[in-house]
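Results of the structural survey
Here is how the chains run, residue by residue.
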Amino acid sequence: MKLDHYLKSKLTISKTLRVAVACAEDEAVLMALSQAAEEAWIEAHLYGDKEKIEMILDALKLSFKLKIFDCANPEEACAKAVQAVHKGEAELLMKGLVDTSVFLKAVLNKDWGIRKAQVLSHVTVAYVPKRDRIYLVSDAAMNIAPDLMTKKAIIDNCVEVAHALGLLDPKVAVLSAVEKVNPRMPSSVDAAELSAMTKRGEILGCQVDGPFALDNAVDVEAAHHKGVVHPNAGHADVLIVPNIEAGNILFKAITFLAFGETAGVVMGADVPIILTSRADKAEDKYHSILLAHLLKGQHHG
Ligand code: COD
C-alpha cells in the first residue's frame, strides 16, 4: 500500500484545519498544500515573500483557500507563523523554504514559542516499497546528539505517533553498529540501558530492545545468520538512531536509494509540526500534512 493510502486509511477527516506555513515560497510546498486544500481538509495561511508566493501560484496555476502574509525575511516569517499557532489562529504549523534550525529556534522561543513537552523531536514515517512495510525513524532532523534521557523522550514521542497509526505495542529497535554492548561505542550502551528501562516499566506502550545493527533490526534472516536470538530481531517497527547524522543518512537512503515514501513531523509542541527536508518531493510534503492532520485529530483535540 502506498503511504497516502496507508495514512488515509487511519484518518477520519471531520474538519478543515488551518495550517500556518513559514516561508511558503516553494513549489513543492504550495503543490502539497493545494492538493490537501482541494480535498478540503486544510486551508493555508502563508507567511513569506508575497511576490514570490504569488509568482509560483500563477506559474503553477494553483488556486486554493489561502491568505498571504508578506514578511521581510525568513526569521520574520517563522516568528509570525509560530505566533499564529501560539495565538490559536492556526491548528497546524509547517516549515517551508527555510533552514531547519532557523525555523526550530522560532518554535522554541521562550516568549511566544509553542514548546509543550520537555523534549521536541522529529519522527519520520517511512514506507519502504521492497519490504512493503511502514517504519518509524527518529530523530533524523532535530536533536543533534541526544543523551540517554533525550533518547527516552524521543521514543515516547515515536510511541505517540505509532499509537495514532494503530500500532499499539510497537517494537522499538535502538540502533548502533553492533548487537552487543561495547563500552567504547556509547550508542550501544544507551541502547542496552533503554532496553533495561523498558523492562523496569520506565518506558511504556512499546517493546524497546537494543543494541541492534540495522540489518538485524529489520531482517529476520540477517538476525538468525548473526546468531541474534531475540524474538523481536528482524521485526522492528520503530528505528531509533544514535544521532542526527545517522538519522539523516538513513532517511536519505530510504528516499534516494530505496525510493521509499516519507512523512515527517515534530512532536512535543502544542500542535504537530510538519517538517520535511527542503529537497523532499511535493508528494512527501503532502504525506506529512496528512500525518499531522491525523495526529492533531487524535491527540491534540
Ligand atoms: N526540545 C525541547 N527544547 C529544546 C530542544 C528540544 N529538542 N532543543 C533545545 N531546546 C531548548 C533548550 O532547552 C533551551 O531552553 C533552548 O531550547 C535553547 O537551547 P539550545 O541553545 O541548545 O538550542 P538552539 O536554539 O541553539 O538549537 C536548537 C535547534 C533545534 C535549532 C538545534 O538543536 C538544531 O539546529 N538542530 C538541528 C536542526 C537541523 O539542522 N536539521 C537538519 C536536518 S533536516
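Okay, so let's go over this structure. (Residues numbered from 1 in each chain as written. Predicted model: local features only at pLDDT ≥ 70, side-chain atom pairs only at ≥ 80, totals over all residues. Heavy atoms only, no water.)

1. Here we look at the overall build of the protein
Helices and strands together make up the secondary structure of the protein, namely 11 helices and 11 strands. Within the protein, contacts between residues separated by at least 24 positions form 70% of all contacts whose residues are at least 6 apart in sequence. Only carbon and sulfur atoms are counted for the fraction: they give 54% of the accessible area of the protein, which is about 13300 Å². Mean positive and mean negative side-chain charge positions of the protein (33 and 39 charges, respectively) differ by 2 Å. (Helix = DSSP H or I, 4+ residues; strand = E, 2+ residues; numbered from the N terminus. Contact = heavy atoms within 4.5 Å. Areas by Shrake-Rupley, 256 points an atom, 1.4 Å probe, with all protein chains shown as cover. Lys, Arg positive; Asp, Glu negative; His and termini not counted. Charge placed at Lys NZ, Arg CZ, Asp CG, Glu CD.)

2. A closer look at empty space enclosed by the protein
Applying the stated criterion across every chain, the model contains 1 cavity of 30 Å³ or more. The calculated volume of the largest cavity comes to roughly 40 Å³. Lining the largest cavity are Lys171, Val172, Ala173, Gln207, Asp209, Phe212, Ala217, Asn232, His235 and Ala236. Only strand 7 (171-175) and strand 8 (207-212) provide two or more residues apiece to the lining of the largest cavity. (1 Å grid on protein atoms, 1.4 Å probe; cavity = no way out; pocket = protein on both sides within 12 Å on 5 of 7 lines; lining within 4 Å. Points joined across faces, edges and corners; volume = space filled by probe spheres on them.)

3. Regarding the packing of helix 6 (residues 148-164) against helix 7 (residues 186-199)
Relative orientation of the contacting elements helix 6 and helix 7 amounts to 55°, with a least axis distance of 10 Å. It follows from the interaxial angle that helix 6 and helix 7 lie oblique. Crossing hand, helix 6 versus helix 7: right-handed. On helix 7, the residues that touch Leu148, Met149, Lys151, Lys152 and Ile155 of helix 6 are Ser187, Asp190, Glu193, Leu194 and Met197. (Axes fitted to C-alpha atoms, helices over the stretch in contact; angles between N-to-C directions. Parallel < 35°, antiparallel > 145°, perpendicular 65-115°, else oblique. Left-handed = near helix turned anticlockwise from the far one by under 90°.)

4. Considering the site of the ligand
Lining the immediate surroundings of the ligand are 16 residues, of which Lys105, Lys110, Leu120, Met142 and Asn143 lie closest. Within the side chain of Lys110, one N or O atom sits 3.0 Å away from an oxygen atom of the ligand. The fraction of the free accessible surface of the ligand (870 Å²) that becomes covered by protein chains is 62%. Top element by residues in the shell around the ligand is helix 5 (residues 100-107). It accounts for 4 residues. Looking at the shell around the ligand, its residues break down into 8 nonpolar, 5 polar and 3 charged. (Near = heavy atom within 4 Å. Polar contact = N/O pair within 3.5 Å; in protein donor to acceptor, adjacent residues only side chain to side chain. Nonpolar A, V, L, I, M, F, W, Y, C, P; charged D, E, K, R; others polar.)

5. Re the pairing of strand 3 (residues 66-70)
Relative to strand 3, strand 2 (residues 42-48) is paired through 5 bridges, and the arrangement is parallel. Looking at the pairing, His45 lines up with Lys67 of strand 3. (Pairing = 2+ DSSP bridges.)

6. Comments concerning the nonpolar core
One finds Leu30, Leu33 and Ile155 to be the most contacted residues of the largest nonpolar core, which totals 60 residues. Discounting residues that sit within four places of it in the chain, Leu33 has contacts with Val21, Ile42, Ala44, Leu46, Phe64, Met94 and Ile289. Core analysis: the second largest hydrophobic core is formed by 27 residues, Ala77, Ala90, Val98 and Leu104 among them. (Core = buried A, V, L, I, M, F, W, Y, C linked by side-chain atoms within 4.5 Å. Buried < 20%, exposed > 50% of the residue type's maximum accessible area, 1.4 Å probe, protein only.)

7. Quick look at the sheet that holds strand 2
In any sheet, the strands associate via hydrogen bonds between backbone groups, in a parallel or an antiparallel arrangement. Read from one edge to the other, the open sheet built from 11 strands follows the order 3-2-1-4-11-10-5-6-9-7-8, with strand pairing classed as mixed. If you trace the sheet from one side to the other, it starts and ends with strand 3 and strand 8, each paired once. By the bridge criterion, 4 bridges tie strand 1 (residues 17-22) to strand 4 (residues 92-95) in an arrangement that is parallel. Looking across to strand 4, one finds that Val19 is bridged to Leu92.

8. Re the packing of helix 4 (residues 74-86) against helix 5
For the pair helix 4 and helix 5, the least separation of the axes is 9 Å and the interaxial angle reads 40°. As far as their axial angle goes, helix 5 and helix 4 are oblique. In the packing of helix 4 onto helix 5, the handedness of the crossing is right-handed. Seen from helix 4, the contacting residues are Glu75, Cys78, Ala79 and Val82; seen from helix 5, they are Val102, Phe103, Ala106 and Val107. Within the contact of helix 4 with helix 5, the residues separate by chemical class into 7 nonpolar, no polar and 1 charged.

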